[in-house]
Amino acid sequence: MKVATFNINNVVRRLPNLLAWLRKTKPDVVCLQELKAEDAAFPAAALEKAGYGAVWCGQKTYNGVAILARGSTPVVTRRALPGDESDVQSRYIEAAIGGVLVASIYLPNGNPQPGPKFAYKLAWFDRLIAHARALKKAKVPVILAGDFNVVPTDLDIYPSKSWGDDALLQPESRAAFRKLLKQGWTDSVRALHPKEPMYSFWDYMRNRWPRDAGLRIDAVLLSPGLAPTLRAAGVDRWVRGKEAASDHAPVWAELDLPTRNATPPRAPRAQPKARARSRSAKR
DNA sequence: ATGTCATCCGATGGATGA
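Criteria and thresholds
Residues numbered from 1 in each chain as written. Chains lettered and ligands numbered in written order. Predicted model: local features only at pLDDT ≥ 70, side-chain atom pairs only at ≥ 80, totals over all residues. Heavy atoms only, no water. Helix = DSSP H or I, 4+ residues; strand = E, 2+ residues; numbered from the N terminus. Rg over C-alpha atoms; globule rule 2.2 N^0.38 Å. Buried < 20%, exposed > 50% of the residue type's maximum accessible area, 1.4 Å probe, protein only. Core = buried A, V, L, I, M, F, W, Y, C linked by side-chain atoms within 4.5 Å. Contact = heavy atoms within 4.5 Å. Disulfide = S-S within 2.5 Å. Pairing = 2+ DSSP bridges. Near = heavy atom within 4 Å. Polar contact = N/O pair within 3.5 Å; in protein donor to acceptor, adjacent residues only side chain to side chain. Nonpolar A, V, L, I, M, F, W, Y, C, P; charged D, E, K, R; others polar. Salt bridge = Lys/Arg side-chain N within 4 Å of Asp/Glu carboxyl O. Axes fitted to C-alpha atoms, helices over the stretch in contact; angles between N-to-C directions.

Thoughts on the overall build of chain A
- Broken down by element type, chain A carries six helices and 12 strands.
- Scaling as 2.2 N^0.38, a compact globule of 283 residues should have a C-alpha radius of gyration of about 19 Å, and chain A matches this with 18 Å.
- C-alpha extents for chain A along the principal axes are approximately 60 × 45 × 40 Å.
- Here chain A, with 283 residues, has 53% of them falling under the buried criterion.

Regarding the nonpolar core
- In this structure, Ile67, Val102, Ile143, Leu215 and Val220 are the most contacted members of the largest nonpolar core, which totals 41 residues.
- Discounting chain neighbours no more than four positions away, the residues touching Ile143 are Met1, Val3, Val100, Leu101, Val102, Ala103, Val220, Leu221, Leu222, Leu226 and Leu255.
- Counting 22 residues, the second-largest nonpolar core is a separate cluster that includes Val142, Ala176, Trp185 and Leu221.

Observations regarding the state of the cysteines
- Taken as a whole and assessed by the stated rule, the structure comprises zero disulfides.
- Residue Cys31 stays outside any disulfide, its sulfur separated by 12 Å from that of Cys57, the closest cysteine.
- Accessibility expressed as a relative area gives 0% for Cys31, which makes it buried.
- Given a relative accessible area of 9%, Cys57 falls into the buried group.

Examining the pairing of strand 6 (residues 92–97)
- Of all the six residues making up strand 6, five are buried; the element is thus mostly covered by neighbouring parts of the structure.
- By the bridge criterion, three bridges tie strand 5 (residues 75–78) to strand 6 in an arrangement that is antiparallel. From the neighbouring strand, Arg78 faces strand 6, where its bridge partner is Glu94.
- Hairpin connection of strand 6 to strand 7 (residues 100–106): two residues between the antiparallel strands, including Gly98 at a positive phi of 55°.

Overview of the protein's contact with DNA strand B
- Looking at DNA strand B, there are 14 residues lining it, with Arg13, Thr61, Tyr204, Met205 and Arg206 nearest.
- A distance of 3.2 Å is found between a phosphate oxygen of DNA strand B and a side-chain nitrogen or oxygen belonging to Asn10.
- One nitrogen or oxygen atom from the side chain of Arg13 is found 3.1 Å from a phosphate oxygen belonging to DNA strand B.
- Here the surface near DNA strand B is composed, by residue class, of four nonpolar, three polar and seven charged.

Topic: the pattern of salt bridges
- In the structure shown here, the tally under the stated rule is 10 salt bridges.
- Of the charged contacts, one joins Asp87 and Arg127 as a salt bridge, the two residues approaching to 2.8 Å between their closest N and O atoms. On the criterion of sequence distance, the pair formed by Asp87 in the loop between strand 5 and strand 6 and Arg127 in helix 3 (residues 116–137) is long-range, its members being 40 residues apart. Like Arg127, Asp87 is buried.
- We note a salt bridge from Arg231 to Asp256, for which the minimum N-O separation is 3.3 Å. Note that Arg231 is positioned in strand 11 (residues 230–235) and Asp256 in the loop between strand 12 (251–255) and helix 6 (272–281), a separation of 25 residues in sequence.
- For Asp256, a relative accessible area of 48% gives the class partly exposed.

As for the sheet that holds strand 12
- One open sheet holds the six strands; their spatial order is 3-4-2-1-12-11, and the pairing between them is mixed. Strands at the two margins of the open sheet, each flanked by one partner only, are strand 3 (52–57) and strand 11. Between one strand and the next, the sheet's axes are offset by a mean angle of 15°, whatever the strand orientation.
- Here five bridges tie strand 1 (residues 2–7) to strand 2 (residues 29–33), and the two strands are oriented parallel to one another. When the sheet's bridge partners are listed, Asn7 is paired in strand 2 with Gln33.
- Helix 1 (residues 15–25) contacts strand 1, strand 2, strand 3 and strand 4 (65–70) of the sheet and is inclined by roughly 160° relative to strand 1.

Focus on unusual backbone geometry
- Of the consecutive residues Asn111 and Pro112, the connecting peptide bond is found in the cis state with omega at -5°.
- Within the secondary structure, Pro112 is located in the loop between strand 7 and helix 3.
- The omega angle of the peptide bond from Gln113 to Pro114 is -5°, so this bond is cis rather than trans.
- Positionally, Pro114 belongs in the loop between strand 7 and helix 3.
- In this structure, Asn10 is a non-glycine residue whose phi angle is positive, near 90°.
- By the element assignment, Asn10 lies in the loop between strand 1 and helix 1.
- For Asn63, which is not glycine, the phi torsion reads 60° and is therefore positive.
- With respect to the element layout, Asn63 can be found in the loop between strand 3 and strand 4.

Here it is as structure tokens:
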């Protein structure tokens, strides 16, 4: 099973880019962030046509998260992060897909800091840490994927002093991310690529993409039970170089899990292809 | 401080967020 996270930076404007990437890489599960679209504007029909069922939490102009599944529709378990009923920002959605619980996360940016936005970021992080702990205790396979808006270490950013005051690099932000990981989550890309930067975001400003001045702020985290299934992980950098690209590139992890809706490579019984096809055609 | 992209509101551009 291939699971990916992609901060799409406006799913309506970026739909051609999203569809081209889905066609080329065929992830089984996709977490999207920064839809920047109201519920009614989400391009569900186009994604369905591309073979993906979707669930989403939209919001006008800002935020917005979604989960896509190839050949099925995710079963929503939560549409908001617990812990603050007054929080109306669309930053969390959680769903079950083939026995795995998947969360699409858009952690607050937190700039400028210090200030109310940074306080909101840290409070949101605390709520995420508490909820992640509860999910872990449930002993089910869980994937936490999204834009965590944290540069975890200095390896995760190009050599630069211009981000010193940024909320993404503050010790409090980094400590919160460490605290989350310490519960036992595996940062897929970092686990398999411990020495390379593996950037996932390049600011539009100041020629940062052409000079590879990137940040690694998007991640696919695996619960302890899933960690041994991790086979490969990476960043689809080429997506960032396309016309009208998002400022993020997709981050993915390949797990050695049976994919319920995938066509099996060989036929254990008669006509498995036809059966698999008719099942997905019902969607 | 700079500079990029995009949208909002509501007016021919400034404020905002990332």
